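Read off the chains here:
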Amino acid sequence: MVGEKVVPVAIDSPHAPTFRGSALGIDFGDGAQLAGFSFSPMVATRQHRHIRRSDPEAHYLMLVHGPPIGLAQRRSDVLLKVGDMALYDTSHPLDAEFVDHGRLSRTTLLRLPRASLPFPQDDVDGLLAQRLAPGTGTGALLAHFMASLRQQSPGPEEVRRLGRIGTDLAHAFLAERLDAGRALPVESRQHVLRVRVDAFIERNLHEPALTPPVIAAAHHVSVRTLHLLFRDRPETVAATIRRRRLERARAELADPRARHRTIADVAARWGYRSAADFSRAFRAAYGTTPSEARRSAVAPRAATDPDAPRRNPLSTSGTPPSHSR
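Owing to the predicted nature of the structure, the values given are computational and were not obtained by experimental measurement.

Another aspect to go through is the overall build of the chain. In terms of regular secondary structure, the chain is built from 12 helices and 10 strands. Put simply, 70% of the contacts in the chain that link residues at least 6 apart link residues at least 24 apart. Taken as a whole, the chain presents about 17200 Å² of accessible surface, with 51% of it coming from carbon and sulfur.

Our focus in this paragraph is the nonpolar core. Core analysis: the largest hydrophobic core is formed by 34 residues, its most contacted members being Phe-28, Leu-61, Leu-110, Leu-142 and Leu-174. Considering every element that reaches this core, the biggest residue donor is helix H5 (residues 156-178), with 9 residues. Excluding its chain neighbours within four sequence positions, the residues that come into contact with Leu-110 are Phe-28, Gln-33, Leu-34, His-59, Tyr-60, Leu-61, Leu-142, Met-146, Gly-166 and Ala-170. Among the nonpolar cores identified, the runner-up in size contains 24 residues, and Ala-249, Ile-263, Tyr-272 and Phe-282 belong to it.

Now for the pattern of salt bridges. All chains considered together, the criterion is met by 16 salt bridges. Asp-89 is the salt-bridge partner of Arg-114, the closest N and O atoms lying 2.8 Å from each other. Placement of the pair is Arg-114 in the loop between strand S10 (105-113) and helix H3 (121-125) and Asp-89 in strand S8 (residues 85-89), with a sequence separation of 25 residues. Its relative accessible area of 1% is what places Asp-89 among the buried residues.

Structurally, Thr-107 is set in strand S10. Taking the C-alpha atoms as reference points, Thr-107 and Ala-23, separated by 84 residues in sequence, lie 9.9 Å from one another. Apart from the residues lying within four places of it in its own chain, the contact partners of Thr-107 are Ala-35, Gly-36, Phe-37, Phe-39, Met-62, Leu-63, His-65, Ile-69 and Arg-150. Only 3.0 Å separates the side chain of Thr-107 from the backbone oxygen of Leu-63, close enough to count as a polar contact.

Let us now look at the environment of Pro-213. Structurally, Pro-213 can be placed in helix H7 (residues 212-218). Note on Pro-213: relative accessible area 46%, which makes it partly exposed.

Here 5 strands make up an open sheet; going across it, the order is S1-S4-S9-S6-S7 and the pairing antiparallel. Where the open sheet ends on each side, the last strands, each with one partner, are strand S1 (10-12) and strand S7 (76-80). On average, each strand axis in the sheet is tilted by 10 degrees relative to the strand beside it, whichever way the strands run. Bridge count for strand S4 (residues 43-46) against strand S9 (residues 94-98) is 4 bridges, and the pairing is antiparallel. Pairing of Val-43 across the sheet is with Glu-97, part of S9.

Burial analysis of strand S3 (residues 32-39) places 8 of its 8 residues in the buried class, the great majority of the element. Where burial is concerned, the two faces of S3 agree: the one with Ala-32, Leu-34, Gly-36 and Ser-38 and the one with Gln-33, Ala-35, Phe-37 and Phe-39 are both buried. In terms of strand pairing, strand S2 (residues 21-29) meets S3 through 8 bridges, oriented antiparallel. The residue bridging Gly-29 from the neighbouring strand is Ala-32, located in S3.

A word on unusual backbone geometry. Unusually for a residue other than glycine, Asp-30 sits at a positive phi of about 55 degrees. Summarising the element assignment, Asp-30 is placed in the loop between S2 and S3. Its relative accessible area of 67% is what places Asp-30 among the exposed residues. Positioned with a positive phi, Arg-75 is a non-glycine residue whose angle comes to about 65 degrees.

As a further point, take helix H11 (residues 275-286). A rise of 1.5 Å per residue sets the reference length of H11, with its 12 residues, at 16 Å; its end C-alpha atoms lie 16 Å apart and thus fit the reference within 8%. Immediately downstream of H11, the backbone of Gly-287 shows phi near 70 degrees, a positive value.

Quick look at the sheet that holds strand S5 (residues 58-64) now. Spatial strand order, S2-S3-S10-S5-S8: 5 strands in an open sheet with antiparallel pairing. For this open sheet the edge positions go to S2 and S8, each flanked by a neighbour on one side alone. The sheet shows a mean angle of 20 degrees between the axes of neighbouring strands, direction not considered. Both S3 and S10 contribute to a ladder of 7 bridges, which runs antiparallel. Directly across from Ser-38, in S10, lies its bridge partner Arg-106. Running over the sheet, H5 touches S2, S3, S5, S8 and S10 and is turned about 95 degrees from S2.

What follows concerns the confidence of the model for the chain. Detailed reading of the predicted coordinates is not advisable wherever pLDDT falls low. Confidence in the prediction of the chain, expressed as mean pLDDT, is 85, and 89% of residues score 70 or more. Low confidence marks residues 302-325, where pLDDT is under 50. Its contacts with residues over four positions away, or in another chain, come to 18 contacts.

Reading the values: the criteria
- Residues numbered from 1 in each chain as written.
- Predicted model: local features only at pLDDT ≥ 70, side-chain atom pairs only at ≥ 80, totals over all residues.
- Heavy atoms only, no water.
- Helix = DSSP H or I, 4+ residues; strand = E, 2+ residues; numbered from the N terminus.
- Contact = heavy atoms within 4.5 Å.
- Areas by Shrake-Rupley, 256 points an atom, 1.4 Å probe, with all protein chains shown as cover.
- Core = buried A, V, L, I, M, F, W, Y, C linked by side-chain atoms within 4.5 Å.
- Buried < 20%, exposed > 50% of the residue type's maximum accessible area, 1.4 Å probe, protein only.
- Salt bridge = Lys/Arg side-chain N within 4 Å of Asp/Glu carboxyl O.
- Polar contact = N/O pair within 3.5 Å; in protein donor to acceptor, adjacent residues only side chain to side chain.
- Pairing = 2+ DSSP bridges.
- Axes fitted to C-alpha atoms, helices over the stretch in contact; angles between N-to-C directions.
- Expected span 1.5 Å × (residues − 1).
- pLDDT = per-residue confidence, 0-100.

Shown next, in the form of structure tokens:
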């Protein structure tokens, strides 16, 4: 399975009689691929004979989710722990030891065709078998991207878009480690910036002061540059913030677990300075008040919940709002 999903290797494991393993793979096209593995502790070795048999001429970014992994290539070796990343090259011998901590090893691999990397090969070789901590910014986004796809099954229409996002994030992450950001194509730099801006907005929806100038300053760009990033989208920056806040608030109003929160609490949690401002924006977007939306969402549940208090079915009105994505 490893030979098919990644590259041919020799594998040895003290758990051979009871070996357990599983894999998933997403082919993004153009040689890019994401693969997630869980397996019993083992040692994997890639030698010259394996390289001669099959070499996709690619680099792999490895993200560790479980027990430590020892990686050695081109006179460098490193012990990777949970959350660490590392780069290796399919064209050079490799040793990987998945340390036995009494549970399955778990790792995600992102394959990047060597020809796609916009950096000198000698510079990239200097990163092989080195600990690449994701940290914050682009690295954190890349790690989240890789880890989250282990839990998803994207449809065919999403795969190519996701591949582009993953490749651009990986290139930007490596560029930071090489101090070679200028080597990235302009289009890739802009795409990475859009991904970072989207993530920043999502993390800060609760802040009333979240505005285009604040977002631009956090990413060291001008407000004009920020607006240019959104020119191909159906919404402006401010409209995007408003829509996402309302979507999150509407989903919370429909959540039975959030019934203890008042309308004012929900408004404050999603960046509104007052319940009145929130109610006006909610009515303008959905044609109903937050209180009515909450009652409409609870009514269908009460009708099917045998433990819910009985009430007059005519005491609620309106159509239950749909849940946000």
